Amino acid sequence: MTNDEFKRTLWEAADKLRGSVAAATYKYPVLGLVFLKYVSDMFDAQGLRIRKRLADPKAEYYIEDEDSRAELAEQFAADKTFYDADNVFWVPPQAHFSALLAQAAAPDLAQRLDKALGEIEAENPSLKGVLYREFSRLELEPGKLGELMQLLAKLSFDPDRHGSRDVFGEVYEYFLGQFALKEGARAGEFYTPKSVVSLLVEILAPFRGKIYDPACGSGGMFVQSAKFKDAHAAKLKKKGDLAIHGQEMMAATRRLALMNLAVHGLHGDLGATYGDTFHNDQHKTLRADYVLANPPFNISDWGGDRLADDPRWVYGIPPKGNANFAWLQHMLARLSSRGRAGIVLANGSMSSTQSGEGDIRRGMVQDDVVECMVALPGQLFSNTQIPACLWFLSRDKKAGQNGSVDRSGQILFIDARKAASGRISRTQIEFTEDDTRRIAQAYHRWRGTEFSDGEAYEDEAGFCYSATLEEVEKHGFVLTPGRYVGAMVEEDDDEAFAEKMERLTAELAEQMAKGAELDAVIRERLGALGYGV
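Scoring rules and cut-offs
- Residues numbered from 1 in each chain as written.
- Predicted model: local features only at pLDDT ≥ 70, side-chain atom pairs only at ≥ 80, totals over all residues.
- Heavy atoms only, no water.
- Helix = DSSP H or I, 4+ residues; strand = E, 2+ residues; numbered from the N terminus.
- Contact = heavy atoms within 4.5 Å.
- Areas by Shrake-Rupley, 256 points an atom, 1.4 Å probe, with all protein chains shown as cover.
- Lys, Arg positive; Asp, Glu negative; His and termini not counted.
- Charge placed at Lys NZ, Arg CZ, Asp CG, Glu CD.
- Buried < 20%, exposed > 50% of the residue type's maximum accessible area, 1.4 Å probe, protein only.
- Phe/Tyr/Trp six-rings, centres within 6.5 Å; stacked < 30°, edge-to-face > 60°.
- Core = buried A, V, L, I, M, F, W, Y, C linked by side-chain atoms within 4.5 Å.
- Domains from an automatic or database assignment.
- Pairing = 2+ DSSP bridges.
- Right-handed = clockwise from strand over helix to strand, strands pointing away.
- Salt bridge = Lys/Arg side-chain N within 4 Å of Asp/Glu carboxyl O.
- Patch = residues over 30% accessible without salt bridge, like charges linked within 9 Å, V, L, I, M, F, W, Y side chains within 5 Å.
- Axes fitted to C-alpha atoms, helices over the stretch in contact; angles between N-to-C directions.
- Parallel < 35°, antiparallel > 145°, perpendicular 65-115°, else oblique.
- Left-handed = near helix turned anticlockwise from the far one by under 90°.
- Nonpolar A, V, L, I, M, F, W, Y, C, P; charged D, E, K, R; others polar.

J.: Any chance you could break down the overall build of the protein for me, citing the residues and the numbers?
T.: Counting its secondary structure elements, the protein contains 17 helices and 11 strands. If one aligns the C-alpha atoms of the protein with their principal axes, the spans along those axes are about 85 × 80 × 50 Å. Partitioning the intrachain contacts of the protein with sequence separation of at least 6 by distance along the chain shows that 71% fall at a separation of at least 24. Of the accessible surface of the protein, which amounts to about 26100 Å², a share of 49% is contributed by carbon and sulfur atoms. If the 64 positive side-chain charges of the protein are averaged to one point and the 80 negative ones to another, these points end up 3 Å apart.

J.: An account of helix H13 (residues 357-366) is requested, with residue identities and associated values reported.
T.: Among the 10 residues of H13, seven are classified as buried, and the element is accordingly described as predominantly covered. For H13, the set of buried residues is Glu357, Gly358, Ile360, Arg361, Gly363, Met364 and Val365. Tucked into the core, H13 has its buried residues touching helix H12 (324-333), strand E6 (370-375), strand E7 (388-394), strand E8 (410-415) and helix H15 (469-474). Where H13 terminates, the next one or two residues include Asp368, which has phi positive at roughly 60°.

J.: I'd love a proper account of the packing of aromatic side chains, names of residues and values included.
T.: For the structure shown, the criterion picks out 20 aromatic pairs. Between Phe43 and Trp90, the aromatic rings sit 5.1 Å apart at their centres with planes inclined by 80°, giving edge-to-face as the arrangement. Of the two residues, Phe43 is situated in helix H2 (residues 23-55) and Trp90 in the loop between helix H4 (81-84) and helix H5 (97-101); the sequence distance between them amounts to 47 residues. Across the pair, exposure class does not vary: Phe43 and Trp90 are buried alike. A ring pair is formed by Phe228 and Phe451, whose centres lie 5.2 Å apart and whose planes are at 55°; its orientation type is tilted. Residue Phe228 is located in helix H10 (residues 220-236), and its partner Phe451 is located in the loop between helix H14 (433-447) and strand E11 (464-468); the two are separated by 223 residues in the primary sequence. Judged by its relative accessible area of 3%, Phe228 is buried. Phe451 gets classed as buried once you look at its relative accessible area, which sits at 13%. Three or more aromatic residues joined by ring pairs make a cluster, and in this case those are Trp11, Tyr26, Phe175 and Phe179.

J.: Run through the nonpolar core, naming residues and quoting values.
T.: Leu148 and Phe175 are the most contacted members of the largest nonpolar core, which totals 119 residues. No other element matches H2, which puts 15 residues into this core. Residue assignment places this core across two domains, with domain 1 (3-180) and domain 2 (210-217 + 239-251 + 268-483) each supplying three or more. Setting aside residues no more than four positions away along its own chain, Phe175 makes contact with Lys7, Leu10, Trp11, Ala14, Val30, Leu31 and Leu152. Counting residues in hydrophobic clusters, the runner-up holds 41 residues, among them Leu307, Ala326, Met331 and Val472.

J.: Would you mind going over the environment of Ala272 in detail, with residue names and values included?
T.: Structurally, Ala272 is set in the loop between strand E3 (268-269) and strand E4 (288-293). On a C-alpha basis, the gap between Ala272 and Gly146 in space is 34 Å, while along the polypeptide they are 126 residues apart. If we skip the residues at most four places from it in the chain, Ala272 touches Arg254 and Gln282.

J.: Now, about the pairing of strand E2 (residues 241-246): what can you tell me, with residues and values included?
T.: Taken together, the six bridges between strand E1 (residues 208-213) and E2 define a ladder with parallel strand orientation. Bridged to Lys210 within E2 is Ala243. With two bridges joining them, E2 and E3 adopt parallel strand pairing. Opposite Ile244, over in E3, you have Gly268 as the bridge partner. In the classification by handedness, the crossover that spans E2, the intervening helix H11 (residues 251-263) and the parallel E3 is right-handed.

J.: Got a sec to walk through unusual backbone geometry? Specific residues and values, please.
T.: Residues other than glycine seldom take positive phi values, yet Lys237 does so here, at roughly 55°. Secondary-structure assignment places Lys237 in the loop between H10 and E2. Overall, the relative accessible area of 77% leaves Lys237 in the exposed class. Backbone geometry at Phe477 places phi at a positive 65°, although glycine is not the residue there. Positionally, Phe477 belongs in the loop between H15 and helix H16 (482-485).

J.: Lay out the pattern of salt bridges with the relevant residues and their values.
T.: Enumeration according to the criterion identifies 23 salt bridges in this entry. Here Asp41 and Lys37 are joined by a salt bridge, their closest N and O atoms 2.9 Å apart. With Asp41 and Lys37 both in helix H2 and four residues apart, the pair spans about one turn of that helix. The class of Asp41 is buried, set by a relative accessible area of 10%. Between Glu460 and Arg438 there is a salt bridge, and its shortest N-O distance comes to 2.9 Å.

J.: Give a detailed account of a negative patch on the surface, specifying residues and quantitative values.
T.: Together, Glu64, Asp65, Glu66, Asp67 and Glu71 make up a region of like negative charge exposed at the surface. Structurally, Glu71 is set in helix H3 (residues 66-77).

J.: Tell me about the packing of H2 against helix H7 (residues 144-152), and name the residues and values.
T.: Contact geometry for H2 and H7: axes closest at 10 Å, N-to-C directions at 45°. With respect to their mutual orientation, H2 and H7 come out oblique. Crossing of H2 against H7: the hand is right-handed. Contacts between H2 and H7 involve Tyr26, Val30, Leu33, Val34 and Lys37 on the former and, on the latter, Leu145, Leu148, Met149 and Leu152.

J.: Describe the packing of helix H9 (residues 194-204) against H10, naming the residues involved and giving the relevant values.
T.: Close contact between H9 and H10 brings their axes to 9 Å; oriented N to C, the two are set at 50°. Judged on the interaxial angle alone, H10 and H9 are oblique. H9 and H10 meet at a crossing whose hand is right-handed. Contacts from Lys194, Val197, Ser198, Leu200, Val201 and Glu202 in H9 reach Gly220, Met221, Gln224, Ser225, Lys227, Phe228 and His232 in H10. Looking at the contact of H9 with H10, its residues break down into five nonpolar, five polar and three charged.

J.: Could you give an account of the sheet that holds E4, naming the residues involved and the relevant values?
T.: Backbone-to-backbone hydrogen bonds join strands into a sheet, with any given pair of strands oriented parallel or antiparallel. Read from one edge of the open sheet, nine strands run E3-E2-E1-E4-E5-E7-E6-E8-E11, paired in mixed fashion. The open sheet has two free edges, formed respectively by E3 and E11, since each of these has just one partner strand. When E6 meets E7, the two strands line up antiparallel, connected through five bridges. Each bridged residue has a counterpart across the sheet, and for Met373 the counterpart in E7 is Trp391. Here H12 sits on the sheet and contacts E1, E4, strand E5 (335-346) and E7; the angle it forms with E5, its principal contact strand, is near 160°.

Honestly, it's all geometry; don't read function into it.
Put into structure tokens, the structure is as follows:
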């Protein structure tokens, strides 16, 4: 069974056990149990690691005498200090997944799980208030919780098998995506489609420095950024390093993010608690090298009337009825002197002029902080049909650390509305890896970054265009890519219209004849079974 088949099979089985419980409620206990299995397996692996160190002559804790080593091995493996030293969560014996699995048929399993996860939180201060502890309130049919545990027991970590740890992160991400599809409109609170995150990350290219997401949801941006860093470390033959910072307004979603980071082996500062980024900014002094986010679109109740004098509004006070330009200016305010930002926003942000938004956009363009604009196709999101775009901002467009080509006074426009060739479902599409690579390389060639494939950048009609600020001014500071890239050049197949119509009509007639033959065969077969049509 392949990894994808395993994830799909696991999901289908878990979803079947859901019964009448809403997906919005069910995701928390399921992902909580995935996390419990993960920390239990990591705990066991650490115990083995401790024993191996005692037997390794090169290790700090090597003990030569076998009898003494065997005796001390049990003591060390039961000593929390040796787990804390390697940032491994301590799991009390009675709270271990295997111990609870042995009680899967117990009528009070839900209460035992709540108690066990509370004990894990008590032993690990960084998990305080993070774990799901409401199994006893879950309205699952009797026995279903035990079945769910038995199902998730198939997840396992083998320290001797390379990459086996990754399966927890992959399953966690896959389940998040499936819950998003189930929840539809509500999914935007915690999930950004993977292909959108991938495109944002591939263009922003976070490799070394501080990374920040002020509306981090379940943490997908951080996970994808870490994957990008690891994938390019070998290619660039140097080590990447990212310090994660974020904030999330919803308490339950923040818990999902913290668990998501943990199952991927990542650590981050998501603030002291959940909170509104505008009114309770927990990273006021942060100056990040990379900011990336998918904040809620067009929110009207963001409390802008209470922030009229906020120092973040360098280019103008955002309208009280729409937070789009509050998000853009907040992210600019958190950038370092070389920092860059990538933001998913509604299409209206590229052209709106109401309530001073046009003036703010003009100020940003004139100050040369807008670097690249990408128009996205519809149907990328499961939770909204509002057309979206990507804004890329930069504090330093000169030749240097951010790229070898000086792009001061220029903006790259990419029209990716027809660039997604993948399909998730009848109503949702996605960017394939090739689609993402094509779009991202247009940027990296244009900027001359170390992530470029080395080919020279060229404008491509209908797809990308490098515009001067003077050209943007002529368009009234509207940043819609379609205004700049022009129409795609269609290849002429040199076939005359009359000849083409004759050929296509003949093909259609042939297909209709085959259809009639199939209809006759179906009627004959049904008639033989006594079902005449």
